[in-house]
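# Results of the structural survey
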Amino acid sequence: MNSMNKVELVKIPAEVDSEDLKIVFESNAFGYQTVIDVQEKPLENSKLKNVIIELESAEAAKQVAKSAPFSFNFGSGEVLIRPVLYFDNIASQHKPNQEVKPEKTFKKELAKLYTCWIGNIPNKYAEDKLEDFFTKQVENNSDKYHSIKLIFIKKHNKYQCFINLYSHQEAESLAQHFNGSKMDDSVLEACLRGFESAEAKIQSQSDSESDSSEFDQETSCAKTSKEGKFQKIFRISKSKNLKALIKKQIDEIKLSIGDDILVNEEFSRKGNLSFRVVAPSEAKLSDALAKLKSKLNVIRKKIKFSEKEYAQIQNLKSQLIQIKPNRNKEFFNFYLEDRSKCVVIEFLDTGDKALKRDYFNYLNQIEKFCDEKIESQKEISVCGSDHFEFF
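First things first, this report covers the structure right here in the doc. Bear in mind that the values here come from a model prediction, so they are computed numbers and not experimental data. (Residues numbered from 1 in each chain as written. Predicted model: local features only at pLDDT ≥ 70, side-chain atom pairs only at ≥ 80, totals over all residues. Heavy atoms only, no water.)

The next subject is the overall build of the protein. Across its full length, the protein carries ten helices and 20 strands. Out of the 391 residues belonging to the protein, those deemed buried represent 43%. Partitioning the intrachain contacts of the protein with sequence separation of at least 6 by distance along the chain shows that 67% fall at a separation of at least 24. Taken as a whole, the protein presents about 22200 Å² of accessible surface, with 46% of it coming from carbon and sulfur. (Helix = DSSP H or I, 4+ residues; strand = E, 2+ residues; numbered from the N terminus. Buried < 20%, exposed > 50% of the residue type's maximum accessible area, 1.4 Å probe, protein only. Contact = heavy atoms within 4.5 Å. Areas by Shrake-Rupley, 256 points an atom, 1.4 Å probe, with all protein chains shown as cover.)

Of all eight residues in helix α1 (residues 18-25), six are buried, a share of seventy percent or more. Among the residues of α1, those classed as buried are S18, D20, L21, I23, V24 and F25. Its side-chain oxygen at 2.8 Å from the backbone nitrogen of E19, D17 defines the N-terminal cap of α1. (Polar contact = N/O pair within 3.5 Å; in protein donor to acceptor, adjacent residues only side chain to side chain.)

One pass over the structure, following the stated rule, counts eleven salt bridges. With its nearest N and O atoms 2.9 Å apart, the salt bridge here joins K49 to E40. For K49, a relative accessible area of 3% puts it in the buried group. Note that E346 and R300 form a salt bridge whose closest N and O atoms lie 2.9 Å from each other. One end of the pair, E346, is in strand β20 (residues 342-349); the other, R300, is in strand β18 (residues 297-304), with 46 residues separating them in the sequence. Through salt bridges with shared partners, a single network forms among D17, D20, K353 and R357. (Salt bridge = Lys/Arg side-chain N within 4 Å of Asp/Glu carboxyl O.)

This paragraph deals with the side chain of K49. Tracing the chain through its elements places K49 in strand β3 (residues 48-55). Only 2.5 Å separates the side chain of K49 from the backbone oxygen of V16, close enough to count as a polar contact. Discounting residues that sit within four places of it in the chain, K49 has contacts with L9, V10, K11, I12, P13, A14, V16, E40, K41, P42 and L43.

Let's shift gears to the environment of A283. Its location among the elements puts A283 in helix α7 (residues 282-295). Judged by its relative accessible area of 51%, A283 falls in the exposed class. Spatially, the C-alpha atoms of A283 and F230 are 9.4 Å apart, while their sequence positions differ by 53 residues.

Now for the packing of aromatic side chains. Working definition: an aromatic ring pair is given by the centre-to-centre distance plus the angle between the planes. Tallied over the entire structure, the rule returns seven aromatic pairs. Where F133 meets F134, the ring centres are 5.1 Å apart and the plane angle is 70°; that geometry is what we call edge-to-face. Here F133 falls in the buried class, since its relative accessible area comes to 5%. Aromatic ring contacts, followed pair by pair, group F332, F347, Y359, F360 and Y362 into a single cluster. Geometry around Y166 places K144 over its ring, the cationic atom sitting 5.1 Å from the centre. (Phe/Tyr/Trp six-rings, centres within 6.5 Å; stacked < 30°, edge-to-face > 60°. Lys NZ or Arg CZ within 6 Å of the ring centre and 35° of its normal.)

Okay, the sheet that holds strand β1 (residues 6-13) next. Judged by pairing direction, the sheet is antiparallel, and its four strands sit side by side in the order β2-β3-β1-β6 without closing on themselves. Unpaired on one side and paired on the other, β2 (35-42) and β6 (84-85) mark the two borders of the sheet. As judged from the six bridges shared by β1 and β3, these two strands associate in the antiparallel manner. Residue pairing in the sheet places I12 in a bridge with K49 of β3. (Pairing = 2+ DSSP bridges.)

Under the 1.5 Å per step criterion, the end-to-end length of α7 is 20 Å for 14 residues, consistent within 8% with the ideal 20 Å. Residues of α7 that are buried include every one of L285, A288, L289 and L292, and no others. Down the axis of α7, the buried set is contained in an arc of 95°. They therefore lie on one face. Among the exposed residues of α7, those pointing more than 90 degrees away from its buried face are A283 and D287. Where α7 is buried, its residues contact β15 (230-236), α6 (243-257) and β17 (273-279). (Expected span 1.5 Å × (residues − 1). Arc of directions from axis to C-beta.)

On to the pairing of strand β4 (residues 70-73), then. Taking every second residue as pointing to the same face, the buried face of β4 carries F70 and F72, while none of S71 and N73 on the other face is buried. Summarising the sheet, β4 and strand β5 (residues 78-81) pair through four bridges and their orientation is antiparallel. In the strand pairing of β5, F72 is matched with V79.

Among the nonpolar cores identified, the biggest contains 69 residues, and I81, I246, V277, L296, V343, I345 and I366 are the most heavily contacted of them. Looking at this core element by element, the count peaks at nine residues for helix α10 (residues 353-383). Sequence-distant contacts of I345, defined by excluding residues within four places in its chain, comprise I299, R300, K301, I303, N333, F334, Y359, Y362, L363 and I366. Ranked by size, the runner-up nonpolar core spans 22 residues in total, among them C116, F134, A190 and L192. (Core = buried A, V, L, I, M, F, W, Y, C linked by side-chain atoms within 4.5 Å.)

Encoded structure:
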């Protein structure tokens, strides 16, 4: 792997597949990067791993490292995606001597600054190399900074780093960037000096939002007076567009949960599907509901647009419809939502990993098509005139 092109993800659940991570990095969340290679580093005595991702260029790695952290659902739960430049990216360089200011002047300036403290830095690298590393990281995440100071703590055989910035927001953002990042076997700690460490702000780089279906169930598990059986209502919200497929999946699930468990459709309204699940025991009822949840999850992704952009997308609807998944097309649904000016992509997640990967790829195709067409329309509007010149 080319060490200058790499970013690292730390503390990723071991069950997250590398191919799925690759798809995320090649999506609009990171600007449609080209992933060259993915390398996993399992952590000892842990169900976590670090993942090193090689991109097309060093500039691409820097761009990705600037991205704000955000959460992504890989099917087994939310995972925080927070890429940082891989440590080997930073080559040791000797900087020219900086102007040394009188101590009193420096202290006066320091009183007006915001300090990001970073601790638990391993004593494995030369101080100048560590300083270069943190300088590069700060330059990638901040417009302007005052100074960087490294201190070696003999008692703990560790370094601490103090980064002084002019902006409270940038200092807090930098603390979020470093807190929880990993350098070799050490997990870095970071916070604002004199402040509690703020929780990471989870946000997507794209102007889109993801929405999963909700399973609304009756809170009580009451016995019927006559039959003495346990029952609950299993409801899938906003599922009318995939209704036929969901019913087909329910029929298949019935065959696997046993003849003594009944799953019957109830009256449904407002696009929701409801099923009454009846079982001879509370344990069997719980198992049946768990299986239904794992096999029937409607994932809904909304891509938002401005009013002007949405008008362009409406004119491209016929082209968007032609973008199809490679297989299992019945598990996907696409439509335009005029009220909220969104493109909506729905997917019935049955727990099949290959099918979920097809969904990610399909989503990337839709988002990339929209981004390219809108950008193309912008260029035409800027360059448009009474005539065209060809060169």
